[in-house]
Amino acid sequence: MKARQIRPNIYWVGAIDWDRRLFDALISLPDGTSYNAYLVQGSQKTALLDTVDPTMTDGLMAYLEDIPVIDYVIANHAEQDHAGSIPPVLAKYPNAKVVTTPKGKDILMALLLIPEDKFITVNDGETLSLGSKTLEFIHAPWVHWPETMLTYLREDKILFPCDLFGSHLATTDLYVSNEGQVYEAAKRYFAEIMMPFRTSIEKHLERLNSYRIDIICPSHGPMYDKPSFILEAYRSWVFDPPRNIVVLPYISMHGSTQKMVEYFVGALADRGVTVKQFNLAATDIGKLATALVDAATLVIGTPTVLVGPHPNVAYAAFLANALRPRLQFISVIGSYGWGSKAVEQLTGMIPNLKAEVLAPVISKGFPREEDFKGLDNLASTITSKHKERGFA
Ligand code: FEO
């Protein structure tokens, strides 16, 4: 594949990773991903904006074969999927300088052992002239690490936000062609990568209101030639109140918790609450993370294992705590045989979630009438709390 022109003297020179199925040894990638790097040629200087994952350096170097000089490598983010090919690029272009934030320099020196004299650090709002093109650097910490920045190409009104607005999607489409598919992929990406930093992203979105942006070129997934599509999606994920949704991750070992979950899902549905049920023995954990973006309530279903929650359930609680969704209410349903501290242990694992804990419903053995009554009461409580808050 040739370098792909975006505008005169602006090219996509990235890599499509069709086969990658795991990121950071943590996040599953059902649709692969891409590492988008961009070449911007001004009348006097040439800049490479980000690079590619070190597993795909050869593809980037092939694109650069006919480029005699690169003056600047702009490092918007120090994570290896974008910065990992900076060392071979510097080896080919020994006079090139790495342009990044002061924190970016520290991290790149630590992770990639790039010598200090290779760096130019830039302040928030600083510009770099390439002659006929001007790069403006917007410090935007915590999209996804503390050193991140966005680069805005003033003359062409193109934003290069690196991880922000990305989607893990391998595609040969340069721009979004299937909005439904990209919306789902971008929402999953937001849930897994960006949601813990929502308060930082609020500020960045507000700041971007003052920029005219014709194209957004993220570093994962297709580019946005209609930026309002992804900007409006981010605004809804960041600013809108949660919705009338209960997310219910659970495990059942011998059928008691399963029975309670089935009854409870029906009780909520009968009351007009949307439920997203995830059996943690089989679910795609990325779908669970995505569901947490909009949900008002999390109810965890667990049997008791060695006095505590099932380990898969503990993992889901740990994940929800780390992702910091805007949940308002939390509860636990489940069962035990002879003794349980599952509720105390689970609620102790979610200190980041500033949500009201609703009375749990735990049955001894297989659920009976009083347990089903308890589930009805919990469903009614959730329904009225959602109504009181106006969650639709
Ligand atoms: Fe795509 Fe935070 O790296």
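Notes on the structure in this doc start here. (Residues numbered from 1 in each chain as written. Predicted model: local features only at pLDDT ≥ 70, side-chain atom pairs only at ≥ 80, totals over all residues. Heavy atoms only, no water.)

**A short note on unusual backbone geometry**
For W142, which is not glycine, the phi dihedral falls at a positive 70 degrees. Overall, W142 belongs to the partly exposed group, its relative accessible area being 36%. (Buried < 20%, exposed > 50% of the residue type's maximum accessible area, 1.4 Å probe, protein only.)

**Looking at the sheet that holds strand β14 (residues 149–153)**
Two pairing modes exist for strands in a sheet, parallel and antiparallel, and in both the strands are linked by backbone hydrogen bonds. An order of β12-β13-β14-β15-β16 is seen for the five strands of this open sheet, with the pairing classed as mixed. What marks the edges here is a single partner per strand, and that holds for β12 (127–129) and β16 (215–218). Taking the axes of each pair of neighbouring strands and ignoring which way they run, one obtains an average angle of 20 degrees across the sheet. Two strands pair when backbone bridges link them, and β12 and strand β13 (residues 134–139) are joined in this way by three bridges, in the antiparallel orientation. Looking across to β13, one finds that S129 is bridged to T134. Contacts from helix α6 (residues 198–208) reach β13, β14 and β15 (158–162), with the element oriented near 145 degrees to β13. (Pairing = 2+ DSSP bridges. Helix = DSSP H or I, 4+ residues; strand = E, 2+ residues; numbered from the N terminus. Axes fitted to C-alpha atoms, helices over the stretch in contact; angles between N-to-C directions. Contact = heavy atoms within 4.5 Å.)

**Observations regarding the pattern of salt bridges**
Oppositely charged side chains can pair when the atoms bearing their charge come close. What the rule picks out here adds up to 13 salt bridges. The partner of K105 in a salt bridge is E116, with the nearest N and O atoms 3.0 Å apart. Taken together, the residues span a long stretch of sequence, with K105 in helix α4 (residues 102–112) and E116 in the loop between α4 and β11 (119–121) at a distance of 11 residues. Between R154 and E136 there is a salt bridge, and its shortest N-O distance comes to 3.0 Å. With a gap of 18 residues between them, R154 in the loop between β14 and β15 and E136 in strand β13 connect regions that are remote in the sequence. A relative accessible area of 37% places R154 in the partly exposed class. (Salt bridge = Lys/Arg side-chain N within 4 Å of Asp/Glu carboxyl O.)

**Section: the side chain of D371**
Structurally, D371 is set in helix α12 (residues 369–389). For the buried D371, no salt bridge is present, and the opposite-charge side chain at shortest range is R368, 4.5 Å distant. For D371, the residues in contact, after removing those within four places along its chain, are V361, I362, S363 and F366. (Lys, Arg positive; Asp, Glu negative; His and termini not counted.)

**A closer look at the sheet that holds β11**
Taken in spatial order, the seven strands make up an open sheet running β1-β2-β7-β8-β9-β10-β11, and their pairing is mixed. Of all strands in the sheet, those bounded by a partner on one side alone are β1 (4–7) and β11. Strand after strand, the sheet turns through a mean of 25 degrees between neighbouring axes, direction not considered. Note that β1 and strand β2 (residues 10–12) share three bridges and pair antiparallel. Paired with Q5 across the two strands is Y11, which belongs to β2.

**As for the side chain of D71**
Secondary-structure assignment places D71 in the loop between α1 (57–63) and β9 (72–74). Those residues in contact with D71, other than ones at most four positions away along the chain, are Q44, K45, T46, N95, A96 and K97.

**Here's the deal with the packing of aromatic side chains**
Scanning the entire structure with this criterion turns up 11 aromatic pairs. Here Y263 and F372 contribute two aromatic rings whose centre-to-centre distance is 4.7 Å and whose plane-to-plane angle is 40 degrees, an arrangement assigned as tilted. Taken together, the positions of Y263 in helix α8 (residues 256–270) and F372 in helix α12 put the pair 109 residues apart, joining distant regions of the chain. Among the residues examined, Y263 registers a relative accessible area of 32% and is labelled partly exposed. On the basis of relative accessible area, F372 is assigned to the buried category, the value being 17%. (Phe/Tyr/Trp six-rings, centres within 6.5 Å; stacked < 30°, edge-to-face > 60°.)

**Here's the deal with the nonpolar core**
Residues F165 and Y234 are the most contacted members of the largest nonpolar core, which totals 63 residues. When residues of this core are assigned to their parent elements, the largest contribution, eight residues, is made by helix α5 (residues 179–194). In this structure, F165 is in contact with L159, L205, L208, I216, P218, Y224, I230, L231 and Y234, ignoring residues within four places of it in sequence. Of all hydrophobic cores here, the second largest spans 53 residues; its members include I67, Y93, I107 and F119. (Core = buried A, V, L, I, M, F, W, Y, C linked by side-chain atoms within 4.5 Å.)

**Some details on α4**
Within α4, burial applies to G104, K105, I107, L108 and L112. Among the structural elements, α2 (80–83), α3 (86–92), β10 (97–100) and β11 are those in contact with the buried residues of α4.

**Looking at helix α9 (residues 285–292)**
Most of α9 sits out of view: six of its eight residues are buried. Burial in α9 covers these residues: G286, L288, A289, T290, A291 and L292. On the buried face of α9, the contacting elements are α5, β17 (243–250), β18 (274–279), β19 (295–302) and α10 (311–323).

**Some words on the packing of α6 against helix α7 (residues 228–239)**
A pair of packed helices is characterised by two quantities: the angle between their axes and the separation of those axes. Contact pair α6 / α7: the axes reach a minimum separation of 10 Å and the direction vectors enclose 140 degrees. One way to sum up the angle between α6 and α7 is to call them oblique. When the axes of α6 and α7 are compared, the crossing they make is left-handed. When α6 is examined against α7, the residues R198, I201, E202, L205 and E206 are found in contact with a partner set consisting of L231, Y234, R235, W237, V238 and F239. Taken together, the residues that form the contact of α6 with α7 break down as seven nonpolar, no polar and four charged. (Parallel < 35°, antiparallel > 145°, perpendicular 65-115°, else oblique. Left-handed = near helix turned anticlockwise from the far one by under 90°. Nonpolar A, V, L, I, M, F, W, Y, C, P; charged D, E, K, R; others polar.)

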